[in-house]
Amino acid sequence: MSRVGTFILLLSVCLMSCVTLEPVSIKKSSEDSLDKYKYFYINPSGDKTGSAGYVVGNQFGVFGGGKAKSTNPGDVITGSLMKQGYIRVAEIEKSMEEKTFIVSYGETGRREVDLGYTIEVTIQFTSAKTHEIICTVSGEGYGETEADDVYDAIIRCMDAVFGIKRPERERESYY
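Residues numbered from 1 in each chain as written. Predicted model: local features only at pLDDT ≥ 70, side-chain atom pairs only at ≥ 80, totals over all residues. Heavy atoms only, no water.

Asks: Just checking my understanding: could you explain the pattern of salt bridges for this structure?
Replies: A side chain with one charge can pair with a side chain of the opposite charge if their charged atoms come near. Per the stated rule, a full pass over the model turns up 5 salt bridges. K36 serves as the salt-bridge partner of D32, at 3.5 Å between the closest nitrogen and oxygen. Residue D32 is classed as buried on the basis of its relative accessible area of 15%. The partner of E97 in a salt bridge is K94, and the shortest N-O contact between them spans 3.7 Å. (Salt bridge = Lys/Arg side-chain N within 4 Å of Asp/Glu carboxyl O. Buried < 20%, exposed > 50% of the residue type's maximum accessible area, 1.4 Å probe, protein only.)

Asks: Even after reading the chapter, I still don't get the packing of aromatic side chains, so can you show me in this structure?
Replies: Remark: the centre distance and the inter-plane angle together describe each pair of aromatic rings, the angle taken between the planes. Taken as a whole and judged by the stated rule, the model has 5 aromatic pairs. Linked through ring pairs, Y37, F40, Y86, F101, F125 and F162 together constitute an aromatic cluster. (Phe/Tyr/Trp six-rings, centres within 6.5 Å; stacked < 30°, edge-to-face > 60°.)

Asks: What is the right way to look at the environment of E120 in this model?
Replies: Tracing the backbone shows E120 in strand β7 (residues 116–127). A residue is classified by how much of its surface remains accessible, and E120, at 28% relative accessible area, is partly exposed. Sequence separation between E120 and V150 is 30 residues; the distance between their C-alpha atoms is 7.5 Å. The residues touching E120, leaving out its near neighbours within four places in the chain, are G106, E107, T108, G109, S138, G139 and E140. One polar contact links E120 to T108, side chain to side chain, over a distance of 2.7 Å. (Helix = DSSP H or I, 4+ residues; strand = E, 2+ residues; numbered from the N terminus. Contact = heavy atoms within 4.5 Å. Polar contact = N/O pair within 3.5 Å; in protein donor to acceptor, adjacent residues only side chain to side chain.)

Asks: What's the story with the nonpolar core in this structure? I'm lost.
Replies: Most often, soluble globular proteins keep nonpolar side chains buried together rather than apart. Counting residues in each nonpolar core, the largest one holds 24 residues, and the members touching the most others are I77, L81, F101, V103, I123, F125 and I154. Counting only elements with at least two residues in this core, the list comes to β2 (39–42), α2 (73–83), β6 (100–113), β7, β8 (133–141) and α3 (146–162). Counting residues per element, this core draws most heavily on α3, at 7 residues. (Core = buried A, V, L, I, M, F, W, Y, C linked by side-chain atoms within 4.5 Å.)

Asks: Please explain the environment of D35 as it appears in this structure.
Replies: If you trace the backbone, D35 turns up in the loop between β1 (25–28) and β2. Spatially, the C-alpha atoms of D35 and K99 are 9.8 Å apart, while their sequence positions differ by 64 residues.

Asks: How do you make sense of the sheet that holds β1 when you look at a structure like this?
Replies: For sheets, the rule is that strands pair by backbone hydrogen bonds, running either parallel or antiparallel. Pairing within the open sheet is mixed, and its 6 strands lie in the order β1-β8-β7-β6-β2-β5. Among the strands making up the open sheet, the edge pair consists of β1 and β5 (87–88). Across 4 bridges, the pairing between β1 and β8 is antiparallel. Residue pairing in the sheet places K27 in a bridge with T136 of β8. Where α2 meets the sheet, its contacts fall on β2, β5, β6 and β7, and the angle it forms with β2 comes to roughly 175°. Across the sheet, α3 is in contact with β1, β6, β7 and β8; its angle to β7 comes to roughly 45°. (Pairing = 2+ DSSP bridges. Axes fitted to C-alpha atoms, helices over the stretch in contact; angles between N-to-C directions.)

Asks: Would you take a moment to explain α3 for this structure?
Replies: Residues separated by three or four positions in an α-helix point in the same direction, a consequence of the helix having 3.6 residues per turn. Between its first and last C-alpha, α3 extends 25 Å over 17 residues, near the 24 Å set by a 1.5 Å rise per residue. The element α3 is largely enclosed, with a buried count of 14 among its 17 residues. G163 sits one or two residues past α3 and shows a positive phi near 65°. (Expected span 1.5 Å × (residues − 1).)

Asks: Please clarify how the pairing of β8 should be interpreted in this entry.
Replies: Across a regular strand the side chains alternate sides, sitting on one face of the sheet and then on the other. In terms of residue burial, β8 counts as a mostly covered element, since 8 of its 9 residues are buried. By the bridge criterion, 8 bridges tie β7 to β8 in an arrangement that is antiparallel. What sits directly across from I123, in β8, is V137. Counting the residues that bridge the hairpin from β7 to β8 gives 5 residues, and of these H131 lies at a positive phi of roughly 65°.

Asks: Help me out: how do you make sense of unusual backbone geometry in this one?
Replies: Negative phi is the rule for most residues except glycine; trans is the rule for most peptide bonds. Even without being glycine, H131 reaches a positive phi, approximately 65°. Secondary-structure assignment places H131 in the loop between β7 and β8. According to the relative accessible area criterion, H131 is exposed, its value standing at 56%.

Structure below.
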């Protein structure tokens, strides 16, 4: 293959690996707001682990590599909330119910894209006292691994809830 052909092939693969994420959707209660709360309790979640790798072959042999990553959604959400000034509690005490909200997290979908898929997460904030929904936010993420997808999706959701504007980060690609 000529150098021009190789360049065109590499350029087309790089362009195909660009992904436009769907906008974050957020529904806030008209009767309640996170502003009136001081504490939060987060339902436990397990680690999300993902891996990515590559294999290259030429006349000298076959070579490869890879990496594995993990993230704990609860830790990412906790860090975002603590940065906003909320205090995490280990249990919901009756005397603090009125000032405490509960955070729940779940993966709610996947969307096929050019060279993989995105993962969508939904985060729900409910009142510890009334169990009414304060806010629900959903967003998707895309990265090298599923752990990256989940991390990105959570950060996008939390930024939307608190009105934080961050520049999109550059995406790494194996392709």
